[in-house]
Amino acid sequence: MPTVTFISPKGGVGKTTSSLIFATQLAKRGVGVSVIDADPNYPIQKWSTGGHCPDNVHVVSDVTENNIASKIRAAAAVDPIVIVDLEGTAAKIVVHALQEADFVVIPMQGSLLDAEQASRAITLVKDQEQAVRRHVPNYVLPFSILMTRTPPAYQTRNMASLRKSLNDNGIPVFDTMLTEREAFKSMFFFQKPLNALSTSEAPGIDKAIANADAFAAELISRLSPEG
Ligand SMILES: Nc1ncnc2c1ncn2[C@@H]1O[C@H](COP(=O)(O)OP(=O)(O)O)[C@@H](O)[C@H]1O
Ligand SMILES: [Mg+2]
């Protein structure tokens, strides 16, 4: 069963936010999901204690570099999808997590500096791919860049040119971008899935839900490209 792992060297780009969006979107679609919360601040674990965590979202915490592989495998034996939310890329825990990954999402904000950071994450994915190819010659570890925290109304020139240069270099990028929206912050503040937030708790909630739906649908389709 697919394990989807979110990595990026930089903090604050939206790994945890996009992990939780994907998890709650799957739950809404009736798909059981485990979230391995490997961020030392346990943001998703904390979110799940607010009394609004869907029954089919299972959060796994107390994750270390020594136990992450077995925790991912145990979760994958139970749930159709496993999500792994990591912090940074420098630690060994990331390598262990990538060994169990079936798809890697690399969230990135729209600047050149972020693109350089993202390329470090891509290198890790490629290193893992090469390691497996010693035994499985045609092995591919699929990944895609996710542009995050983009302005809702328009695409900046910076972002458009960044997207083009990624495309030109054959680097996959999600068509859907996660826009900067108060509602995505409110999810954590009120410890609720998007669809449980009221309009007073989360202005623009409908647009946030539409954005989350589009992201989840695209990620799901990338997990099974043959349909
Ligand atoms: N699309 C978004 N819209 C609004 N706020 C966001 C968005 N993505 C992330 N944030 C906010 O930015 C901060 C960092 O996001 P987070 O998901 O924790 O990043 P990371 O896990 O990569 O460190 C948090 O305060 C979060 O609420
Ligand atoms: Mg995080």
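Here the structure is a predicted model, which means the values were calculated and not measured.

A. The overall build of the chain, seen in detail. The number of helices and strands found in the chain is eight helices and seven strands. Taking 2.2 N^0.38 as the reference for a compact globule, 227 residues should give roughly 17 Å; the C-alpha atoms of the chain span a radius of gyration of 17 Å, in line with that estimate. The C-alpha extent of the chain, read off along each of the three principal axes, is 55 × 45 × 35 Å. Looking at the chain residue by residue over its 227 residues, the buried ones come to 48%. A separation threshold of at least 6 residues defines the contact pool for the chain, and within that pool the share at least 24 residues apart is 74%. If you sum the accessible surface of the chain, you get close to 10500 Å²; carbon and sulfur atoms cover 53% of it. Across the chain, the centroid of the 21 positively charged side chains sits 4 Å from that of the 23 negatively charged ones.

B. Up close: helix α1 (residues 15-28). Between its first and last C-alpha, α1 extends 20 Å over 14 residues, near the 20 Å set by a 1.5 Å rise per residue. Summarising burial for α1: twelve of the 14 residues are buried, a large majority. Among the residues of α1, Lys15, Thr16, Ser18, Ser19, Leu20, Ile21, Phe22, Ala23, Thr24, Gln25, Leu26 and Ala27 are the ones counted as buried. Phi for glycine 30, located one or two positions after α1, is positive at around 85°.

C. Broad picture of the packing of helix α4 (residues 92-99) against helix α5 (residues 112-133). Packing of α4 against α5 brings their axes to within 10 Å, and their N-to-C directions diverge by 55°. Relative to α5, the element α4 lies oblique. Crossing hand, α4 versus α5: right-handed. Packed against α4, whose contacting residues are Val94, Leu98 and Gln99, the element α5 presents Leu124, Val125 and Gln128 at the interface. Grouping the constituent residues of the contact of α4 with α5 by class yields four nonpolar, two polar and no charged.

D. Structural context of the pairing of strand β3 (residues 57-60). The sheet contact formed by strand β2 (residues 33-37) and β3 spans four bridges and is parallel. Bridge assignment links isoleucine 36 to a residue of β3, and that residue is valine 60. One crossover worth recording links β2 to the parallel β3 by way of helix α2 (residues 43-48), and it is right-handed.

E. Spatial organisation of empty space enclosed by the protein. In total, this model carries one cavity of 30 Å³ or more according to the counting rule given. In this structure, the largest cavity occupies an estimated 30 Å³ of space. What lines the largest cavity is simply Ser8, Pro9, Lys10, Val13, Ile106, Pro107, Met108, Asp114, Gln117 and Ala118. Taken together, the elements giving at least two residues each to the lining of the largest cavity come down to β5 (103-108) and α5. Broken down by class, the residue content of the lining of the largest cavity amounts to six nonpolar, two polar and two charged.

Here is what the cut-offs are and how they apply
- Residues numbered from 1 in each chain as written.
- Chains lettered and ligands numbered in written order.
- Predicted model: local features only at pLDDT ≥ 70, side-chain atom pairs only at ≥ 80, totals over all residues.
- Heavy atoms only, no water.
- Helix = DSSP H or I, 4+ residues; strand = E, 2+ residues; numbered from the N terminus.
- Rg over C-alpha atoms; globule rule 2.2 N^0.38 Å.
- Buried < 20%, exposed > 50% of the residue type's maximum accessible area, 1.4 Å probe, protein only.
- Contact = heavy atoms within 4.5 Å.
- Areas by Shrake-Rupley, 256 points an atom, 1.4 Å probe, with all protein chains shown as cover.
- Lys, Arg positive; Asp, Glu negative; His and termini not counted.
- Charge placed at Lys NZ, Arg CZ, Asp CG, Glu CD.
- Expected span 1.5 Å × (residues − 1).
- Axes fitted to C-alpha atoms, helices over the stretch in contact; angles between N-to-C directions.
- Parallel < 35°, antiparallel > 145°, perpendicular 65-115°, else oblique.
- Left-handed = near helix turned anticlockwise from the far one by under 90°.
- Nonpolar A, V, L, I, M, F, W, Y, C, P; charged D, E, K, R; others polar.
- Pairing = 2+ DSSP bridges.
- Right-handed = clockwise from strand over helix to strand, strands pointing away.
- 1 Å grid on protein atoms, 1.4 Å probe; cavity = no way out; pocket = protein on both sides within 12 Å on 5 of 7 lines; lining within 4 Å.
- Points joined across faces, edges and corners; volume = space filled by probe spheres on them.

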